[in-house]
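# What the coordinates show
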Amino acid sequence: MTFQKISMSEGKLNVPDFPIIPFISGDGIGPEIWEQAQKIFDQAVKMAYGEKHAIQWKEVLAGEKAFQITGEWLPEETLATIREYLVAIKGPLTTPIGGGIRSLNVALRQQLDLYTCVRPVRYFEGTPSPMKHPERTNMVVFRENTEDIYAGIEFVAGSQEASSLITYLQKAFNVQTIRFPETSSIGIKPISSEGTKRLVRAALNYAVEQKRQTVTLVHKGNIMKFTEGGFKKWGYEVANEEFSEQTFTWTTYDQLKSEQGEAAANQALATAKENGKIIVKDCIADIFLEELIARPEDHEIVATMNLNGDYISDALAATVGGVGIAPGANINYQTGHAIFEATHGTAPKFAGQNKVNPCSVLLSGTLLFRYIGWNEVADAIEQAIEQAIASQRVTFDFARLLPGATEVSLSEFSQQIFDHLAK
Ligand code: NAD
């Protein structure tokens, strides 16, 4: 068998039968989880496809291991390899203190322009949850990854930059509302139509492919009219202009209501639902945080900006069992570049203890397999995880919340998953 690169042509991924996929094992608990995860991934591929498919995992360096070996936290070679091989998976990385890099994860996302952060949130039977009915949650969050307050344009109170910017705003734009100009820090929030549209397009494409019924644009446009309000407006534009065959939007509903009355608008909505069209709606961010707890079944695909997406995905993860089981993907659908990752950090206090939960990395792997079209592998891993959790022999983070459960180590828990795959 010859292992080859994944490539992209005419907007489509070309996945060879035997792809080479770079991985970063990560810091802290990363390497011990990766060791287990790789065995499980290989076993799942073997069980699904026999000898027809296999993966060659290619290690690339980042984080503490990279620093020890090369003197750099994120070597250029790592970026070049991921650029070349398109699809990679990583464990958590320590954020270096000092030294000019804010966060290795943010640097990777920026360098490869991974503009979509995809976070699926679903419930696995038997997982401890604070909710009475966690199984009602089955959402996929599309979080914009490159804009918003995360652009890092922020100046500390008392600095020359902050004071110049505040004076400029006051003089040039007659801004009167900075309450304490002398002691204010100040930040800038860029939200563009291009950035919004490529993100919402990705969410809509996903909804179409996965046959989902709703897409919700989450924003705070009632207060931030041109940034978050712009996101809502541009989001609806993409749906109306590029997905009119597959969707029915609330802007269409409102237009029909004003032109033909409420009954006609309701009739059009009912017909669209009968015809299996995706309903595209929007929701103010604070109300959405209420609805994700009170009425989670009302939302399936969620498209939102960077900061809202950060809050929402962690709050949602908590309802189905926490960050230990929440996977993530950072994707540029135009170039094909994608990095799949656990959403938790390096948990340094547990490093080397063979103790932690591998599910977040494993489920990130299932996202990778779905991305390259190997859905059977993803399904098999999800099923094996479900069975392992249902056995109630689980890692400490779940065991302490489940009366009657038995705590097992990382390797024992992983072995159960491996054994379920082998059946
Ligand atoms: P963390 O996610 O490492 O830990 C938060 C809590 O969750 C801790 O109690 C930890 O023990 C627990 N936890 C995390 N992963 C777990 C697992 N797999 N199983 C069971 N329990 C688990 O977050 P933190 O403490 O804020 O950050 C530690 C380091 O990780 C920092 O350097 C931070 O910058 C980095 N970090 C990296 C990423 C990433 O690489 N994607 C994400 C977040 C934090």
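Naming follows an unreviewed UniProt entry, where the protein appears as Isocitrate dehydrogenase [NADP] of Enterococcus camelliae. Under the UniProt heading Subunit (unreviewed entry), the entry covering the protein gives this text: "Homodimer." Recorded in UniProt under Function (unreviewed entry), the annotation for the protein is "Catalyzes the oxidative decarboxylation of isocitrate to 2-oxoglutarate and carbon dioxide with the concomitant reduction of NADP(+)."

Working note: regular strand, side chains alternate between the two faces of the sheet. A large share of strand β3 (residues 20-24) lies buried, amounting to five of its five residues. Alternating residues of β3 divide into I20, P22 and I24 and I21 and F23, and every residue in both groups is buried. Sheet analysis places β3 next to strand β4 (residues 56-59), joined by four bridges and oriented parallel. Of the residues in β4, the one forming a bridge with F23 is E59. In terms of handedness, the path from β3 via helix α1 (residues 30-49) over to β4 forms a crossover that is right-handed. As defined by bridge partners, β3 adjoins strand β5 (residues 87-90) across two bridges and the pair is classed as parallel. If you follow F23 over to β5, its bridge partner there is I89.

What follows is about the pattern of salt bridges. Going through the model one piece at a time under the given rule, you end up with 23 salt bridges. E300 is the salt-bridge partner of R212, the closest N and O atoms lying 3.7 Å from each other. On the criterion of sequence distance, the pair formed by R212 in the loop between α6 (193-209) and β10 (214-219) and E300 in the loop between α10 (285-294) and β13 (301-304) is long-range, its members being 88 residues apart. Its salt-bridge partner being K233, residue E237 comes within 3.5 Å of it at the nearest N-O pair. Linking E237 with K233, this pair stays in helix α7 (residues 228-242), spanning four residues, or about one helical turn. Looking at K233, the relative accessible area reads 48%, which means it is partly exposed. Linked by salt bridges that have partners in common, R122, R370, D379, E382 and E386 make up one network.

A few words on the packing of α1 against helix α15 (residues 410-422). Here α1 crosses α15 at 5 degrees, and the two axes come no closer than 9 Å. Taken as axis vectors, α1 and α15 run roughly parallel relative to one another. Along its contact with α1, which presents E32, I33, Q36, K39, I40, Q43, A44 and M47, the element α15 presents L410, S411, S414, I417, F418, L421 and A422. Split by residue class, the contact of α1 with α15 holds nine nonpolar, four polar and two charged.

Okay, the nonpolar core next. Grouped together as the largest cluster of nonpolar side chains are 77 residues, with contacts concentrated most on F41, F340, F369 and I385. When residues no more than four places from it in sequence are discounted, the contact partners of F340 are V87, A88, I89, K90, G328, A329, S364, L367, L368 and Y371. Judged by nonpolar contacts, the second largest core, of 14 residues, contains I24, A88, L93 and L112.

Near the ligand there are 20 residues, and of these L93, T95, G345, A347 and N357 occur at the shortest range. Between the ligand and the protein, one listed contact pairs an oxygen atom with a backbone N or O atom of G345 at 2.6 Å. In this structure, A347 approaches the ligand through a main-chain N or O atom, which is 2.8 Å from an oxygen atom. With the chains in place, 66% of the 810 Å² that the ligand exposes on its own is no longer accessible. Only β15 (338-342) and α14 (396-399) provide two or more residues apiece to the shell around the ligand. Residues of the shell around the ligand, tallied by class, amount to eight nonpolar, eight polar and four charged.

All right, on to the environment of V408 then. Position of V408 among the secondary structure elements: in the loop between β17 (406-407) and α15. Between the C-alpha atoms of V408 and Q111, which are 297 residues apart in sequence, the distance is 39 Å. With sequence-adjacent residues up to four places away left out, V408 is seen in contact with R393, V394, T395, F396, F413 and Q416.

Next up on the list: the sheet that holds β15. Pairing in this open sheet of 11 strands is mixed, and the strands run β4-β3-β5-β15-β14-β6-β7-β13-β10-β12-β11 from one edge to the other. If you trace the sheet from one side to the other, it starts and ends with β4 and β11 (247-249), each paired once. Strand-to-strand, the axes of this sheet are offset by a mean angle of 25 degrees, without reference to chain direction. When strand β14 (residues 327-331) meets β15, the two strands line up antiparallel, connected through five bridges. Bridged to G328 within β15 is E341. Taken strand by strand, α10 contacts β7 (138-144), β10, β12 (278-284) and β13, and its axis lies near 115 degrees from that of β12.

An ideal rise of 1.5 Å per residue puts 18 Å on 13 residues; α15 measures up with 18 Å between its terminal C-alpha atoms. For α15, every residue scored as buried is listed here: L410, F413, S414, Q416, I417, H420 and L421. The buried residues of α15 occupy an angular sector of 150 degrees when projected down its axis, which confines them to one face. Of the surrounding elements, those touching the buried residues of α15 are α1, α12 (359-371), α13 (375-390) and β16 (393-394).

Moving on, we get to the side chain of T366. Turning to its location among the elements, T366 is positioned in helix α12. A relative accessible area of 2% places T366 in the buried class. Ignoring anything within four residues of it in the chain, the contact list for T366 reads A378, I381 and E382.

What counts as what
- Residues numbered from 1 in each chain as written.
- Predicted model: local features only at pLDDT ≥ 70, side-chain atom pairs only at ≥ 80, totals over all residues.
- Heavy atoms only, no water.
- UniProt positions renumbered as here; feature names shortened; annotations may be inferred.
- Buried < 20%, exposed > 50% of the residue type's maximum accessible area, 1.4 Å probe, protein only.
- Helix = DSSP H or I, 4+ residues; strand = E, 2+ residues; numbered from the N terminus.
- Pairing = 2+ DSSP bridges.
- Right-handed = clockwise from strand over helix to strand, strands pointing away.
- Salt bridge = Lys/Arg side-chain N within 4 Å of Asp/Glu carboxyl O.
- Axes fitted to C-alpha atoms, helices over the stretch in contact; angles between N-to-C directions.
- Parallel < 35°, antiparallel > 145°, perpendicular 65-115°, else oblique.
- Contact = heavy atoms within 4.5 Å.
- Nonpolar A, V, L, I, M, F, W, Y, C, P; charged D, E, K, R; others polar.
- Core = buried A, V, L, I, M, F, W, Y, C linked by side-chain atoms within 4.5 Å.
- Near = heavy atom within 4 Å.
- Polar contact = N/O pair within 3.5 Å; in protein donor to acceptor, adjacent residues only side chain to side chain.
- Areas by Shrake-Rupley, 256 points an atom, 1.4 Å probe, with all protein chains shown as cover.
- Expected span 1.5 Å × (residues − 1).
- Arc of directions from axis to C-beta.

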